[in-house]
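Close look at the chain arrangement
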Amino acid sequence: MTDRYVYDLSEGSAEMKPLLGGKGAGVAEMKRLGVPVPDGFTVTTEACVDTMTRKGEWPEDLESQVWDGLKRLEERTGRVLGDDKKPLLVSVRSGAVISMPGMMDTILNLGISDDTVEAIAKEAGNERFAWDCYRRFIQMYGEVVEGIDAHIYEDALTALKEKKGVESDTDLSADDLKGLVDTFKKLSNEQLGGNWTTDPREQLMRAVDAVFRSWLNPRAFVYRKANKIPDDLGTAVNVMQMVFGNRGDTSATGVCFTRNPATGEKELYGEFLVNAQGEDVVAGIRTPRSLAEMEEVLPEAYHDLIDTMKKMESHYRDMQDMEFTVENGKLYLLQTRNGKRTAAAALKVARDLVDEGVITKEEALMRIEPAQLDQLLHEAIDPDHSEQPVAEGLPASPGAAVGEAVFDADVAAERGAKGEKVVLIRFETTPDDIHGVIVSQGVLTAHGGMTSHAAVVARGMGKPCVAGARGIKIDAKAATLTIGDTVIHEGDMITLDGSTGEVFASGLKLIPPQINADFQEVLSWADEIRRLGVEANADNATDAAKARELGAEGIGLCRTEHMFFGADRLPAMHEMITADTPEERQAAVDKILPMQQDDFEGIFTAMKGLPVTVRLLDPPLHEFLPNLVEQSLKVQKMENQGADAGELDKERRLLAQVKKLHEQNPMLGTRGCRLGMLYPEIPDMQARAIIRAVLSVLKKEGETVQIHIMIPLVFTPIELETHRRIVQQAIDEEFESAGTKVDVKIGTMIELPRAALVADKIAEVADFFSFGTNDLTQTTLGISRDDAENGFLTEYLRTKVLKDNPFASIDQEGVGQLVAGAVEKGRKTNPELSVGVCGEHGGDPDSIHFFNKTGLDYVSCSPFRVPIARFAAAQAVI
Ligand code: PEP
Ligand code: MG
């Protein structure tokens, strides 16, 4: 039996989305529910996948199934493709399983030709309409199917408008358009060396194939990568009878949302254009009108639309994003899908739907994409400024962006990849600009509405976007933006406020994000449900306070190295490293102790009542010393200049130490606990500073932290035992001299494969484990965490040798196996052992799922990821 590749609309339903794609399944479901939709059929995603696996060749039987589907459609509609009396016109539209707005291709008005155009004009009683459809068809078909450069058509259209002295396409007459069709045909034929196809049946097959191919176009790849959509899903193709929004003043086309996708408010939201076709709205070619105005222009269709919106939202129990067309006053729905929304809107909609009794808290939590919450954690413009905006556009995607003006997506991509802050300014963005949008701070367009590509894409990514800013002139070639008298050149600073639509011609100061009541409420549901604790990585009082404000339940990693790098501490560090005797070394260390204590007091005050895990010094000693070449030159210079003997001696000793400590592979050298093994004064001093700070905060505040001391980079229990002894002795002495004591836990990081493999032995001397998955990834995969992204890793990701960046999302198969094994082994010999993770993965939603499954007790991540981790931890148990 052959595979079934084609389904009539009436055979589909929402459940068939994997096979029919989002659009196909959505339209079929609407038909099932009695919503007016145009008739048609869907070619399945499987047909596309099978075509891809055959390197572009259609599977046997696909063509005949499409012919059969067409035949059935012709019978149902009483029309025939290419017929000169009752011609059928169809749209051929892509429809992926996971929506990828605008990334793939669509062809409208297929079936129009020299043979059919007159019949269409006659039937519509509107010649201009028929020729408008024809010229649109040639343009779309030429671009999408034949790969003809869009400019060829656009230039011809612009030239015609100039010749006729009109501004808008709608001002062109039927005769003008007829002439334009001739020009377009000529141009197309020229481009194809005389091979322009005019047979609608052949065009249909080629159009279906072009939509398959559009799954593989570069912008679709970029979009899938950015949104983590697998590349092997393929797209369905929907062939549907055309309904016309460009049939005159009682026809229209539009897009609507059942709630406001920017704020989540339950209010009318959408745009429409009279006498226009679908692409005109989304592509931002004409600036559309607000949906509210439709009540006056097309009252009946408007009321039907409002009813349908309600019906579809309650059917899907979620906010819907719908496309519609009104033909001669009659409403047709072309698509419905769960609407993409900002994080703020996602929270509000979730909260409202729970309040309205439509969904449960668990369902609400599952609908929120934790990574999307980043948007709310976005910066805003500091209100304390006196700048006047130079322009205003639509507030298309919230958040503020500051950066240097850039007018080309390639330039943005290149500079953004280098870490430079750029704002992409375009007349309108097209899906081809996606690579530039991804790395920009924000996007500004002169044209297009809230549903234009720029807006949709930016919202999904949580990038600030101001769209359709009026009165701005963009000259992409000259790389300038002119607003009245103000001219912004490439490289000038610019600020956008995607929440208000304002544009400023300077770099304004931004303030940190705010967390509103919806966020707090939904987070509280997450907290009720999650099992994993969520702590933060913070190593100063400000970050600690921020982490606590964002809901961190403690500090899971306080890195102490920055406390040694301060200008006031480096001389003492040099003294310590170059000391000849233990006494000299102790004297140097003693100078650092009060400074360390001071740092800790700040952090502990901010975190009182909660656990704080302080990790002892980790980086290699050479990082505290000058560079070998520089120090050699310095000594040479001093020698040449006959410098003071004492000073020279000091610098020579430093040089000798630099030489002694020089390592080819410092990351695998004298760092972590290995430092303490060589210089026990360091852990001793750190333990004393910690305990003094703990007791001082207790005295001052009446409350202190639950202190955990963590030893890094251990691979044998002996290292931990040695450190325990040093640290415990210092602790006991400090308690004794203070006459008070508190509970102290001493544990270790598991960040080397050997440590994971002998975790049972290490656990015998540890109160806790914290997985340092950054180093564990580095050492398990043998990939340098500092160089990886500059080198082959990027290529590995592109060619799918690796699915995800293992430094961002944990390699579950490899590193994950070590983690799971170590948890099991550790708990076997020490059932009291508490286990967490403090590598970057602690804030990554996918990794959090894994850590939850593996039975960890908590994750620790950077303060701004704490809310995301709280969500992800809740989703992991639902
Ligand atoms: C780790 O290695 O995962 C870790 C948290 O330590 P650091 O990043 O400081 O090496
Ligand atoms: Mg580490």
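Residues numbered from 1 in each chain as written. Chains lettered and ligands numbered in written order. Predicted model: local features only at pLDDT ≥ 70, side-chain atom pairs only at ≥ 80, totals over all residues. Heavy atoms only, no water.

Turning our eyes to something else, we now look at the sheet that holds strand E15 (residues 394-397). Taken in spatial order, the 8 strands make up an open sheet running E14-E24-E23-E16-E17-E18-E19-E15, and their pairing is mixed. Both outer strands of the open sheet, strand E14 (391-392) and E15, are each paired with one neighbouring strand and no more. Here strand E23 (residues 493-497) runs beside strand E24 (residues 502-504); their pairing, made up of 3 bridges, is antiparallel. Pairing of Leu496 across the sheet is with Val503, part of E24. Where helix H15 (residues 409-417) meets the sheet, it contacts strand E16 (400-406) and strand E17 (422-426), and its direction lies at approximately 175 degrees from that of E17. (Pairing = 2+ DSSP bridges. Helix = DSSP H or I, 4+ residues; strand = E, 2+ residues; numbered from the N terminus. Contact = heavy atoms within 4.5 Å. Axes fitted to C-alpha atoms, helices over the stretch in contact; angles between N-to-C directions.)

Time to look at the sheet that holds strand E12 (residues 330-338). The strand order E10-E9-E8-E11-E12 describes an open sheet built from 5 strands, whose pairing is antiparallel. Two strands bound the open sheet, and with one partner strand each, they are strand E10 (289-290) and E12. Alignment of strand E8 (residues 252-257) against strand E11 (residues 320-327), held across 6 bridges, turns out to be antiparallel. Directly across from Gly254, in E11, lies its bridge partner Phe324.

What follows covers the site of ligand 1. Contacts to ligand 1 come from 14 residues, most closely from Arg559, Arg615, Gly772, Asn774 and Arg785. Notes on ligand 1: free accessible area 290 Å², of which the protein chains cover 96%. When residues of the shell around ligand 1 are traced back to their parent elements, those giving at least two are strand E27 (555-559) and helix H30 (773-781). Broken down by element, the shell around ligand 1 gets its largest block of residues, 3 residues, from H30. (Near = heavy atom within 4 Å. Areas by Shrake-Rupley, 256 points an atom, 1.4 Å probe, with all protein chains shown as cover.)

Moving on to the packing of aromatic side chains. Under the counting rule described, the total for this entry stands at 12 aromatic pairs. A ring pair is formed by Phe129 and Phe244, whose centres lie 4.9 Å apart and whose planes are at 85 degrees; its orientation type is edge-to-face. Of this pair, Phe129 sits in helix H5 (residues 127-144) while Phe244 sits in the loop between strand E7 (235-241) and E8, and the two are 115 residues apart along the sequence. Phe244 shares its class with Phe129; the two are buried. Residue placement shows Arg4 over the ring face of Tyr7; its charged tip is 4.1 Å from the ring centre. (Phe/Tyr/Trp six-rings, centres within 6.5 Å; stacked < 30°, edge-to-face > 60°. Buried < 20%, exposed > 50% of the residue type's maximum accessible area, 1.4 Å probe, protein only. Lys NZ or Arg CZ within 6 Å of the ring centre and 35° of its normal.)

Moving on to unusual backbone geometry. One non-glycine residue with positive phi stands out, namely Arg317, at about 55 degrees. Relative to the assigned elements, Arg317 resides in the loop between helix H12 (299-316) and E11. Residue class for Arg317 comes out partly exposed when judged on its relative accessible area of 30%. Positioned with a positive phi, Asn328 is a non-glycine residue whose angle comes to about 45 degrees. Counting through the fold element by element, Asn328 comes out in the loop between E11 and E12.

Bringing a positive patch on the surface into the picture now. The grouping of Arg754, Lys761, Lys825 and Lys828 at the surface amounts to a positive patch. Counting through the fold element by element, Lys825 comes out in helix H32 (residues 815-829). According to the relative accessible area criterion, Lys825 is partly exposed, its value standing at 32%. (Patch = residues over 30% accessible without salt bridge, like charges linked within 9 Å, V, L, I, M, F, W, Y side chains within 5 Å. Salt bridge = Lys/Arg side-chain N within 4 Å of Asp/Glu carboxyl O. Lys, Arg positive; Asp, Glu negative; His and termini not counted. Charge placed at Lys NZ, Arg CZ, Asp CG, Glu CD.)

Taken together, the protein ligands of the magnesium ion (ligand 2) are Glu751 (OE) and Asp775 (OD), with distances of 2.0 to 2.1 Å. In this pair, Glu751 sits in the loop between strand E30 (744-750) and helix H28 (753-757) while Asp775 sits in helix H30, placing the two residues 24 residues apart along the sequence. Each member of the pair Glu751 and Asp775 is classed as buried. (Donors = N, O, S within 2.8 Å, 3.2 Å for Na, K, Ca; no water.)

Across the 5 residues that make up strand E28 (residues 611-615), a large majority, 5, are buried. Sheet topology places E27 next to E28; 3 bridges connect them, and they run parallel. The residue bridging Cys558 from the neighbouring strand is Val614, located in E28. As defined by bridge partners, E28 adjoins strand E29 (residues 706-711) across 5 bridges and the pair is classed as parallel. Looking across to E29, one finds that Arg615 is bridged to Met710.

Here we come to a negative patch on the surface. A contiguous patch of negative charge, built from Asp408, Asp410, Glu414 and Glu490, is present on the exposed surface. Within the secondary structure, Asp408 sits in the loop between E16 and H15.

Moving on to the side chain of Asp497. Note on placement: Asp497 falls in strand E23. Discounting chain neighbours no more than four positions away, the residues touching Asp497 are Ile381, Gly399, Val466 and Glu502.

The next thing to look at is the state of the cysteines. For the coordinates displayed, the defined rule picks out 0 disulfides. Here Cys673 stays free of any disulfide, with the sulfur of Cys838 as its closest cysteine sulfur at 15 Å. The thiol of Cys861 is not disulfide-bonded; the next cysteine sulfur, from Cys838, is found 11 Å away. According to the relative accessible area criterion, Cys861 is buried, its value standing at 2%. (Disulfide = S-S within 2.5 Å.)

For helix H3 (residues 62-77), built from 16 residues, the straight-helix expectation of 22 Å at 1.5 Å per residue is met to within 8% by its first-to-last C-alpha distance of 22 Å. For H3, the full list of buried residues reads Leu62, Gln65, Val66, Gly69, Leu70, Leu73, Glu74 and Thr77. (Expected span 1.5 Å × (residues − 1).)

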